[in-house]
Each structure stands twice: as structure tokens, then as C-alpha cells.
Amino acid sequence: MTSSQIRGMKLFFGKAKCDECHEGVNFTSNAFHNLGVGADKKEPDEGRFEVTKDPKDWGAFKTPTLREIARTAPYMHDGSLKTLEEVVDFYDRGGIANKNKDVKIFPLRL
């Protein structure tokens, strides 16, 4: 591995804790999480709540795989982030505050 790849791996499994949701061979837990994407909109997407009607599912969306991620822009369930740099910045800021934001989403201060 190159030194850049090693730095990325250390960040992924270390400070950024990406592996807590993007795990295993498919780099996904297949779980649902609320990152706050779209929660700041006038009419936010309710996410999994629309199916389950469980209040804890409000704003939660399935964690996608990271396989071929560089080829699958735009990002997030609503396509609101156009580049991987925007995704990293979003996570670095700690997502968007809302009533159900997952505790695993917090400012990373990279």
C-alpha cells in the first residue's frame, strides 16, 4: 500500500470511525442511520419512518456500500452532495442537527 492509502486506512478505522457503519466485505452494515441529510429543508424526507411509522426511524436511511464509490456520484439518498470532497466535509462538520441524528455522527475535526 502507498503511504497515502495507509493514511486513509488509519483515518477510516481510526479517528473518522467510518468502519462503524461501513463494515465487512460490502462496506455496509445494511442498517439505517440519521445523518441529518435534508433535515434542514422546509419539507424534510422522513426516511424509513415513512415505512415503519416508528418515530425513531424518522430521517433514517440505509447505509450504502462504499464499493465503487468514486463512480456513483452524486451522494446521499437525495443526491445533495456532488463530490466525495463534499461528503468528507459533511461528515467532518458532524452532519445536520435534528431530533433523531445518530449518536455516531459528530464533528470529526479532521
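Predicted model, so just to flag it, every value in this text is computed and none were measured. (Residues numbered from 1 in each chain as written. Predicted model: local features only at pLDDT ≥ 70, side-chain atom pairs only at ≥ 80, totals over all residues. Heavy atoms only, no water.)

**Student:** Please set out the environment of Phe 49 residue by residue, giving values where relevant.
**Tutor:** Residue position: Phe 49 is located in helix H2 (residues 49–52). Classification of Phe 49 as buried rests on a relative accessible area of 19%. Here the alpha-carbon distance between Phe 49 and Pro 107, two residues 58 residues apart in the chain, equals 25 Å. Ignoring sequence-local partners within four residues, the contact set of Phe 49 consists of Asp 54, Pro 55, Asp 57 and Trp 58. (Helix = DSSP H or I, 4+ residues; strand = E, 2+ residues; numbered from the N terminus. Buried < 20%, exposed > 50% of the residue type's maximum accessible area, 1.4 Å probe, protein only. Contact = heavy atoms within 4.5 Å.)

**Student:** So what's going on with the packing of aromatic side chains? Residues and values would help.
**Tutor:** Inspection of every chain in the model, using the stated rule, returns 3 aromatic pairs. When the centroid spacing of 6.2 Å and the interplanar angle of 85° are considered together, the rings of Phe 12 and Phe 27 count as edge-to-face. Linking Phe 12 in helix H1 (residues 3–13) with Phe 27 in the loop between H1 and strand S1 (32–33), this pair joins segments that are 15 residues apart in sequence. Looking at Phe 27, the relative accessible area reads 30%, which means it is partly exposed. Between Phe 90 and Tyr 91, the ring centres sit 5.7 Å apart and the planes meet at 85°, which makes this aromatic pair edge-to-face. Overall, the relative accessible area of 4% leaves Phe 90 in the buried class. Counting every residue linked through ring pairs, the aromatic cluster contains Phe 12, Phe 13 and Phe 27. Here the basic side chain of Arg 48 rests over the ring of Phe 32, its NZ or CZ set 4.1 Å away from the ring centre. (Phe/Tyr/Trp six-rings, centres within 6.5 Å; stacked < 30°, edge-to-face > 60°. Lys NZ or Arg CZ within 6 Å of the ring centre and 35° of its normal.)

**Student:** Kindly report on the pattern of salt bridges, identifying the contributing residues and their values.
**Tutor:** All told, the structure shown has 2 salt bridges when counted by the stated rule. Glu 68 serves as the salt-bridge partner of Arg 71, at 2.7 Å between the closest nitrogen and oxygen. The exposure classification of Arg 71 matches that of Glu 68, with both residues exposed. (Salt bridge = Lys/Arg side-chain N within 4 Å of Asp/Glu carboxyl O.)

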